[in-house]
Amino acid sequence: MQFKKLVSLLLFLLFSSFIFAQSKVNVSGLVKDKATQKAIPYVNITLKTEKDSTFIIGTITNEEGRFTLSEIKSGSYVLTISSIGYQAHKQQLLAGTLSSFLDLGVIELTEEVKTLGEVVVTGQQDEVGMKMDKKTFAVADNISQSGGSVLQVMQNLAGITVQDGKVQLRGNDRVVVLIDGKQTALTGFGSQSGLDNIPASAIEKIEIISNPSAKYDANGNAGIINIIYKKNKNEGFNGKIGLSGGLGALWVRKENLPNIRPQYQMTPKINPSISINYKKNKTNLFLQVDNLYTQTLNKNEFTTRTYDNGTIINQQLKRNRNTNFFTAKAGIDWTIDDNNTLTVSGLFGSEKIIDRGDEPFFNADLSERNRLWQFLEDELKTTVMATAAYQHKFKQAGHLLNIGFNYTFHREDEKYFFDNILPTFAGKDAFKLLSDEKVADFNVDYIKPLKYGRIETGIKLRKRDIPTNMQFIPGLNSPLDVNAGGEATYREIIPAVYGNYIFESKKFEAEIGLRVEYVKLNYEVNPNHNTYKSDGYNYAQPFPNVRFAYKINDNNKLSLFFNRRVDRPNEVDIRIFPKYDDAEIIKVGNPALKPQFTNAIELGYKTSWENGYFYAAAYHRFANGTITRISTTVAGSNLIYAIFQNVNKSYNTGLEVVLTQNVAKWYAFDLNINAYHNQIDAFTVENKYPKPHTFTADKQEIFSGNLKFNSKFRLPRNFDMQIIAIYLAPDIIPQGKIKARFSLDFGLKKTIQNGKGEVFCNATDLFNTLVIRREIQGDSFKYSSNDYYETQVVRIGYNYKF
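If you're wondering where the values come from, they're calculated on a predicted model, not measured in any experiment. (Residues numbered from 1 in each chain as written. Predicted model: local features only at pLDDT ≥ 70, side-chain atom pairs only at ≥ 80, totals over all residues. Heavy atoms only, no water.)

## A closer look at the overall build of the chain
Along the backbone of the chain there are three helices and 45 strands. Here the C-alpha radius of gyration of the chain, 29 Å, is about what a compact globule of 802 residues would show, namely 28 Å. Each of the 802 residues in the chain was classed as buried or not, and the buried ones make up 55%. Excluding contacts between residues fewer than 6 apart, the proportion of contacts in the chain whose partners are at least 24 apart in sequence is 69%. Here the chain displays about 33,500 Å² of accessible surface, and carbon together with sulfur accounts for 57% of that area. Counting 96 positive and 83 negative side-chain charges, the chain places the averaged centre of each group 3 Å from the other. (Helix = DSSP H or I, 4+ residues; strand = E, 2+ residues; numbered from the N terminus. Rg over C-alpha atoms; globule rule 2.2 N^0.38 Å. Buried < 20%, exposed > 50% of the residue type's maximum accessible area, 1.4 Å probe, protein only. Contact = heavy atoms within 4.5 Å. Areas by Shrake-Rupley, 256 points an atom, 1.4 Å probe, with all protein chains shown as cover. Lys, Arg positive; Asp, Glu negative; His and termini not counted. Charge placed at Lys NZ, Arg CZ, Asp CG, Glu CD.)

What follows is the structure in structure tokens.
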């Protein structure tokens, strides 16, 4: 059986997929007279292919003797520099794959001396580029998720899975999510958040960076996802408008337990959007506005808890959710002169959530209801972000100084109202939570092109404060822990400095970087809290990254990566207040939580051909102080408390394969396979809330993975169709396992109005097969759950470019 599985996996590896674009490079230099060392204006510069001397591009030097050759494709060339009265100068030129710019430095001309030399030029990569550290996806290409959220788009991308509303890279959810290269409160400054409510219509592309360089923050051991908002720079007035709508939860997959309010069905979705750009002379104005309204069966989980004393509890957690998420981003690009630009932008986001939930608790045979917990959540999240970015271009192309400042304010105003209905009485309880997050980031980045690569260096300073206030309002015989409320304040300061050196020759590449961060975190807790006290940590740590590559030939490359990263606990991970959206499985933070440090190595290989490419990466990550949530009970109670802890070491080892093939003009496919082994070593921890109790777990390990097959059809009459099949194998989760999952997504698009308009329809989880099934083992209990939340959504929409 194992052999059959291995053979099947190898067969899949032979038919995998993706698309990569050629790199583009800008080459610059300065021409001088060798004898006088004066710049020579109006010198002829020509570039021809090395193989057959085909002319590619030409230019002349300006009055200062400088020249730039723009948008050169990767390859080998001969550069010729000639002027009347001087000996023509020729040199080989290699356009590589690492940098967008190459500075050839000073080139001297004489009447007699002829200099030959070799220069390396490097270029940008797209999708799985030859550098193999990043994949880039255009959101517009994902027809099956048009009109949905960013999270729904991501679940179809290579290397990504989605579990419990969080993105995982190669089976790991320790991912940092950026917006336009910056951390924001919209997506979280530590752990990811809010992705299911950001409309995909606002997004231009998504970058997945599995091996970040030292210029990125060290947080997030699994990697970085960079969400890039739409922003046009075309001359004049132009833009795009769109409108989409849809329905979800088309039928009931599992009937409610007796005597609770109905599940949401035929849930509506609507997403209007507009993107406007106006550019004239030195000014570019841009505006992006989106609104995503959804009704969702957000949770529909059926759980059976079995205790060592023989007690069995059957429960259902049903949550009907109404969400309206409005975002607006506006700004101005001002070209002060040829060397200086200033961009000022602002982003406003407002997310309104109304949850109506029912949670009944029954005995083993459902003959007797022990309790009904009903709740109303009224939550408003408000985000305001202001950004200023200044860029100075030196005379050398690609020689840059960037200075940026970013300020974010994020308010979380949350109100919960509970009806606690038991056989003998009914009580009403409530709590109110107010949290104001204020974050200021200042950064300076410097880039200097070299003859054989470039250097990058910079500094960053972050100050982050989050005062939080929780007020519990108990009713009759209240189950709320009123002494666990009050005020708490999270204070964090992070100064950092980094440097990167990038080198490239005809056969070898190297990237060596180091980031040094100092972190000081204080968490100030209400002194009257019944369990937790103020805590925090500080450290000064180096975070190196190294990449070496060997270019076998123009189409084949091997790369070796190493990096060290950290996962700092986010504020919600250490938040001291119990959360009662599940009345008997209660989640609590842990202010004693410490950072998790991770080392990673990866070996990658890529080969490309005219109509596709094959990419494979073997990787291994090992972490100390792994952060995970541990569920325990206390003596004399059936309540389960889920609390974050630093447990023992953990390991993630696997193989990712991507292969793209354009089979015909009308058909192409991508196949992504990720197979890995996850392991968490045995550990013992003490959960302090609500009173100290110890939990011990044996080593957990599993072989798991996922497979995505993406078929793309170019049909007659300007139709495009997409079908994506996703299979997720069983995997380990804290104290248990999650079972296999499968879904099929479909999309159809027709281009109309001479290419300016498009209409589309799509369906997510077309056959309604995606169910989340878990098994958890605790110290004196076990439980199994099946979540039939809304996964099937059908949408139609229209977009128009003007």
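That covers the picture; the talk isn't over yet.
## Some words on the pairing of strand 16 (residues 267–280)
Two elements, strand 15 (residues 236–248) and strand 16, share 13 bridges in a ladder whose sense is antiparallel. Within strand 16, the residue paired with Gly245 across the bridge is Ile270. From the end of strand 16 to the start of strand 17 (residues 283–307), which pair antiparallel, there are two residues, and Asn281 there has a positive phi angle of about 55°. (Pairing = 2+ DSSP bridges.)

## Let's talk about the side chain of Arg515
Among the secondary structure elements, Arg515 is positioned in strand 25 (residues 508–525). In terms of polar contacts, Arg515 uses its side chain to reach the backbone carbonyl oxygen of Ala214, at 2.9 Å. Polar side-chain contacts of Arg515 include one of 3.3 Å to the backbone oxygen of Lys215. Once you skip the residues sitting within four places of it in the chain, Arg515 turns out to touch Ala214, Lys215, Tyr216, Asp217, Ala218, Lys460, Ala496, Val497, Tyr498, Gln541, Pro542 and Phe543. (Polar contact = N/O pair within 3.5 Å; in protein donor to acceptor, adjacent residues only side chain to side chain.)

## Considering the packing of aromatic side chains
What the rule picks out here adds up to 25 aromatic pairs. Aromatic side chains Phe472 and Tyr580 sit 6.1 Å apart centroid to centroid with 85° between the ring planes, which places their arrangement in the edge-to-face category. Placement of Phe472 in strand 23 (residues 453–473) and of Tyr580 in the loop between helix 3 (571–574) and strand 28 (585–588) is noted, with a sequence separation of 108 residues between them. Like Phe472, the residue Tyr580 is buried in the burial classification. Joined through ring pairs, the aromatic side chains of Trp373, Phe375, Tyr416, Phe418, Phe431, Phe472 and Tyr580 make up one cluster. One Lys or Arg, Lys254, reaches over the ring of Phe302 and ends 5.1 Å from the middle of that ring. Its guanidinium or amino end placed over the ring of Tyr613, Lys606 lies 4.2 Å from that ring's centre, counting from NZ or CZ. (Phe/Tyr/Trp six-rings, centres within 6.5 Å; stacked < 30°, edge-to-face > 60°. Lys NZ or Arg CZ within 6 Å of the ring centre and 35° of its normal.)

## Some words on the environment of Lys231
Its place among the elements puts Lys231 in the loop between strand 14 (223–229) and strand 15. Using a relative accessible area of 34% as the deciding quantity, one classes Lys231 as partly exposed. Sequence separation between Lys231 and Lys691 is 460 residues, and the spatial gap between their C-alpha atoms is 53 Å. Excluding anything up to four places from it in sequence, Lys231 contacts Asn284, Phe286, Asp333 and Thr343.

## Details of the confidence of the model for the chain
Mean pLDDT over the chain stands at 87; residues scoring 70 or higher make up 93%. The spread of mean pLDDT over the elements of the chain runs between strand 8 (residues 118–121), the lowest at 36, and strand 19 (residues 340–362), the highest at 96. pLDDT under 50 marks residues 1–22. Its contacts with residues more than four places away, or in other chains, come to 56 contacts. Note on residues 113–127: pLDDT under 50 across the span, and 70 contacts to partners over four residues away in sequence or across chains. (pLDDT = per-residue confidence, 0-100.)

## Remarks on the pattern of salt bridges
Taken as a whole and assessed by the stated rule, the structure comprises 46 salt bridges. Lys506 is the partner of Glu50 in a salt bridge, and the nearest nitrogen-oxygen pair spans 3.8 Å. Of the two residues, Glu50 is situated in the loop between strand 2 (44–49) and strand 3 (55–60) and Lys506 in the loop between strand 24 (486–504) and strand 25; the sequence distance between them amounts to 456 residues. Take Glu50: its relative accessible area is 32%, and that puts it in the partly exposed class. Owing to a relative accessible area of 37%, Lys506 belongs among the partly exposed residues under this scheme. Taken together, the salt bridges that share partners define one network made up of Asp217, Glu437, Asp441, Lys460, Arg462, Arg464, Glu492, Arg515, Glu517 and Arg568. (Salt bridge = Lys/Arg side-chain N within 4 Å of Asp/Glu carboxyl O.)

## Structural notes on the sheet that holds strand 14
Spatially, four strands are ordered 9-13-14-12 in an open sheet, and the strand pairing comes out mixed. The open sheet terminates on both sides in strands that have one partner only, identified here as strand 9 (134–138) and strand 12 (175–179). For this sheet, the mean angle separating the axes of adjacent strands, direction not counted, is 15°. (Axes fitted to C-alpha atoms, helices over the stretch in contact; angles between N-to-C directions.)

## Some points on the nonpolar core
Among the nonpolar cores identified, the biggest contains 51 residues, and Trp373, Phe418, Tyr523, Tyr539, Ile576, Tyr580 and Tyr689 are the most heavily contacted of them. Setting aside chain neighbours within four positions, we find Phe418 in contact with Trp373, Gln374, Phe375, Gly427, Lys428, Asp429, Ala430, Phe431 and Tyr580. (Core = buried A, V, L, I, M, F, W, Y, C linked by side-chain atoms within 4.5 Å.)

## Examining a nonpolar patch on the surface
A cluster of nonpolar residues, Ile403, Phe405, Tyr407, Phe442, Ile459, Leu461, Ile493, Val497, Leu514 and Val516, forms a patch on the protein surface that exposes about 780 Å² of accessible area. Of all elements in the fold, only strand 21 (400–421), strand 23, strand 24 and strand 25 reach the threshold of two or more residues within the nonpolar patch. For Val516, the position within the fold is in strand 25. (Patch = residues over 30% accessible without salt bridge, like charges linked within 9 Å, V, L, I, M, F, W, Y side chains within 5 Å.)

## Here's the deal with the side chain of Gln316
The residue Gln316 is located in strand 18 (residues 312–337) in this model. For Gln316, the side chain forms a polar contact with the main-chain nitrogen of Leu257, separated by 2.8 Å. Sequence-distant contacts of Gln316, defined by excluding residues within four places in its chain, comprise Asn256, Leu257, Ile260, Gln263, Asn300, Glu301, Phe302, Asp358, Glu359 and Pro360.

## Concerning the environment of Glu504
Mapped onto the elements, Glu504 comes out in strand 24. Residue class for Glu504 comes out buried when judged on its relative accessible area of 1%. When the C-alpha positions of Glu504 and Tyr550 are compared, they lie 9.9 Å apart, and in sequence the two are 46 residues distant. There is a polar contact of 2.8 Å between the side chain of Glu504 and the side chain of Lys551.

## A short note on the sheet that holds strand 4 (residues 66–73)
Taken in spatial order, the three strands line up as 4-1-7 in an open sheet, and their pairing is mixed. Pairing within the sheet leaves two strands with one partner each, and these edge strands are strand 4 and strand 7 (101–109). Adjacent strand axes in the sheet meet at a mean angle of 20°, parallel and antiparallel pairs treated alike. Bridge count for strand 1 (residues 24–33) against strand 4 is six bridges, and the pairing is antiparallel. The residue of strand 4 that forms the bridge with Ser28 is Thr68.

## Describing unusual backbone geometry
For the peptide bond that leads from Tyr689 to Pro690, omega is -5°, which places it in the cis range. Its location among the elements puts Pro690 in the loop between strand 35 (683–687) and strand 36 (693–697). At Asp180, a residue that is not glycine, the phi angle is positive and equals roughly 50°. Tracing the chain through its elements places Asp180 in the loop between strand 12 and strand 13 (203–209). Although it is not a glycine, Arg717 adopts a positive phi angle of roughly 60°. In this fold, Arg717 is placed in the loop between strand 37 (700–715) and strand 38 (719–728). Classification of Arg717 as exposed rests on a relative accessible area of 69%.

## Some details on the environment of Gln679
When you line up the elements, Gln679 lands in strand 34 (residues 667–680). Overall, Gln679 belongs to the buried group, its relative accessible area being 15%. Separated by 108 residues in sequence, Gln679 and Asp787 place their C-alpha atoms 25 Å apart.

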